[in-house]
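What the coordinates show
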Amino acid sequence: LERGWIGQILDVDIHLNLHTPWEQFPFLKNLERVEILVHSVHYLDWIRSILGEPQGVYARTVGHPQFPELGSTRTSAILDYGDTVRCSLSINHNFAFGPNHQVAAIRIEGDRGAAVVKLGLLLNYPEGEPDELEIITKGTSWQPVAVRGGWFPDAFIGTMSNLQRFADGEDENTLK
């Protein structure tokens, strides 16, 4: 994005259709809302970091009858960025029909190119699969991009470091 290969962002789509082993997270039981507050919040923060604040958000999050002890585990959301950008999240953590047709992907389209990210850790959790990134720019074909580390935990290094410094009194500023 910073190199301008995609150009002006026109479309952001986050699609998850997978099985999350909720039994590994007993602290989530009896929370009114689970999915947005502990999972999609990270996607929403990332979207805001690249597109800014939306004009509005239309969202619905629901539970699943097979997990009555959990709050919402499925979300559909549209972030309103006006007439130029389409931004949506379709999240289902309850697809329990095997690995075929499970997906954990982010797709970004711009006026000069596109990128597709596979969030491998979420597939076959907790073992996961490798993360993948592919990009295309006008006049080229899809190219894989080498990915160092994994989105989890590497994406949280700066944020968690700041939180720990603040909690330890080393950083006088509020969280950034």
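Residues numbered from 1 in each chain as written. Predicted model: local features only at pLDDT ≥ 70, side-chain atom pairs only at ≥ 80, totals over all residues. Heavy atoms only, no water.

1. What about the packing of aromatic side chains?
Inspection of every chain in the model, using the stated rule, returns three aromatic pairs. Ring plane angle 85 degrees and centroid distance 6.4 Å describe the contact between F25 and F27, whose orientation is recorded as edge-to-face. Centroid distance F95 to F97: 5.5 Å. Interplanar angle 65 degrees. Geometry classified as edge-to-face. Its relative accessible area of 68% is what places F97 among the exposed residues. (Phe/Tyr/Trp six-rings, centres within 6.5 Å; stacked < 30°, edge-to-face > 60°. Buried < 20%, exposed > 50% of the residue type's maximum accessible area, 1.4 Å probe, protein only.)

2. A word on the layout of surface pockets
Roughly 150 Å³ of internal volume is contained in the second largest pocket. For the second largest pocket, the full set of lining residues is H19, P21, P99, Q102, L123, N124, Y125 and E129. A breakdown of the residues in the lining of the second largest pocket according to their chemical character gives four nonpolar, three polar and one charged. (1 Å grid on protein atoms, 1.4 Å probe; cavity = no way out; pocket = protein on both sides within 12 Å on 5 of 7 lines; lining within 4 Å. Points joined across faces, edges and corners; volume = space filled by probe spheres on them. Nonpolar A, V, L, I, M, F, W, Y, C, P; charged D, E, K, R; others polar.)

3. Focus on the sheet that holds strand β6 (residues 113–118)
Strand order across the open sheet formed by eight strands is β2-β3-β4-β1-β5-β6-β7-β8, with mixed pairing between neighbours. Pairing within the sheet leaves two strands with one partner each, and these edge strands are β2 (56–62) and β8 (143–144). In the sheet, strand β3 (residues 74–81) pairs with strand β4 (residues 85–92) via eight bridges, with the strands oriented antiparallel. Paired with A77 across the two strands is L89, which belongs to β4. Against the sheet, helix α1 (residues 35–51) contacts β1 (9–17), β2, β3, β4 and β5 (103–110), and its axis sits at roughly 165 degrees relative to β1. (Pairing = 2+ DSSP bridges. Helix = DSSP H or I, 4+ residues; strand = E, 2+ residues; numbered from the N terminus. Contact = heavy atoms within 4.5 Å. Axes fitted to C-alpha atoms, helices over the stretch in contact; angles between N-to-C directions.)

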